Amino acid sequence: MKLDQFVLKAHIRFQFDAQDKTDFFKKMVKDISVFHEDFEEERLLELFYLREETMSTGIGNGIAIPHVMYEKCESQEIFVYRLAKPIDFAALDKKPVELIFVMVGAPSPSNIINLQILAKLALMMKHPEFLDKLLSAESEDALFEVLIHYD
Amino acid sequence: MTEAKLLVCIIEKEERLEDVLEALMEEGITGASILDARGMFEYMADEIPLFAGFRGLIQGNNPTNKMILSMVPDAATLQIAMNTIQSVYGDFSLPNTGIMFSLDIGEARGVKT
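What you are looking at is a predicted structure, and each value in this text was computed from that prediction instead of being measured. (Residues numbered from 1 in each chain as written. Chains lettered and ligands numbered in written order. Predicted model: local features only at pLDDT ≥ 70, side-chain atom pairs only at ≥ 80, totals over all residues.)

K.L.:
Outline the packing of helix H1 (residues 17–26) of chain B against helix H3 (residues 75–89) of chain B, supporting the account with residue identities and numerical values.
P.N.:
All names here are of chain B. It is the contact of H1 with H3, at a shortest axis distance of 9 Å, that shows an interaxial angle of 140°. Crossing hand, H1 versus H3: right-handed. Together, Asp19, Val20, Ala23 and Leu24 of H1 and Ala81, Thr84, Ile85, Val88 and Tyr89 of H3 make up the contact between the two elements. (Axes fitted to C-alpha atoms, helices over the stretch in contact; angles between N-to-C directions. Helix = DSSP H or I, 4+ residues; strand = E, 2+ residues; numbered from the N terminus. Left-handed = near helix turned anticlockwise from the far one by under 90°. Contact = placed C-beta atoms within 7 Å.)

K.L.:
Let's hear about the sheet that holds strand S2 (residues 33–37) of chain B: which residues, and what values?
P.N.:
Residue and element names in this part refer to chain B. The antiparallel open sheet is built from four strands, whose spatial order is S2-S3-S1-S4. Looking at the sheet topology across the chains shown, the edges are occupied by S2 and strand S4 (98–104). Across this sheet, the average inter-strand angle for adjacent strands is 20°, counted without regard to direction. As judged from the seven bridges shared by strand S1 (residues 5–11) and S4, these two strands associate in the antiparallel manner. Of the residues in S4, the one forming a bridge with Leu6 is Leu103. H3 rests against S1, strand S3 (65–72) and S4 of the sheet, and its axis sits at about 10° to S1. (Pairing = 2+ DSSP bridges.)

K.L.:
Help me get a handle on the confidence of the model for chain B, residues and values and all.
P.N.:
Across chain B, the average pLDDT comes to 90, with 94% of residues at or above 70. Both confidence scores are given for the complex: pTM 0.81, ipTM 0.77. (pLDDT = per-residue confidence, 0-100.)

K.L.:
Outline the interface of chain A and chain B, listing residues and values.
P.N.:
Taken together, the contacts link eleven residues of chain A with seven residues of chain B. Put simply, the parts of the chain that give the side of chain A that touches chain B at least two residues each are helix H2 (41–54) and helix H3 (112–124) of chain A. Counted by class, the side of chain A that touches chain B contains six nonpolar, four polar and one charged residues. (Nonpolar A, V, L, I, M, F, W, Y, C, P; charged D, E, K, R; others polar.)

K.L.:
Tell me what's going on with the nonpolar core, and back it up with residues and numbers.
P.N.:
One finds Ile78, Val80, Tyr81, Ile100 and Val102 of chain A to be the most contacted residues of the largest nonpolar core, which totals 40 residues. Counting residues per element, this core draws most heavily on strand S6 (residues 97–105) of chain A, at seven residues. Sequence-distant contacts of Ile100 of chain A, that is, excluding residues within four places in its chain, are made with Ala64, Pro66, Tyr81 and Leu83 of chain A. Listed in part, the twelve residues of the second largest apolar core include Val20, Ile68, Val72 and Leu78 of chain B. (Core = buried A, V, L, I, M, F, W, Y, C linked by C-beta atoms within 7 Å. Buried ≥ 20, exposed ≤ 12 C-beta atoms within 10 Å, placed from the backbone.)

This is how it looks when you write it as structure tokens:
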């Protein structure tokens, strides 16, 4: 599974401003909706909140991977947010989160592609070198290049 | 290589295990080990937080399955065992039922007759 088919350079945000987790989700949903006129922000926000209620998607080491299956999404898309300052995300290791990978996927009976993407992201995040380079990237372009290089 | 076969049967409807074992016993198949098993998807949804959101998508909501391992002496007995299980348990081709297959046994020690 290669991620380059799901993440575009235009989907990467550097120095994204969010005061807290709720603020991040509101701003992120608005940001994503710019790419899709038919997306309903309220519905999308509700889906993200529902997922976070199950368990935080803050997987540790400053990373979160919120994800939803949204009926108006026709494929799978990944958005990357490097925050201007870390925020509390109720992460598993309780550390603040500073890099967020958002996945919005088309629902399907098996959800196989959605699962494959999440598994790939989770595996990539276990690579210390990749993580270091991601967190030290200083622009959208640099983030994108690291992501594609390690894909 | 012996004539013996290993029957591997994973059933998702745990409540049917008793019926399956009784039916096997009735056919004279008296040796089997019963193991608790979890499907990969169930395990990931329950144990790996990133996949917790997929828990609700798992049909049947059965946290564990049962695995029956039985070494039978030959192909004829294997056929009896598989047919017996299917007649009691139902069609394995349906979703959320389980899987049944057999393996040839190369060598065996400790077999009690």
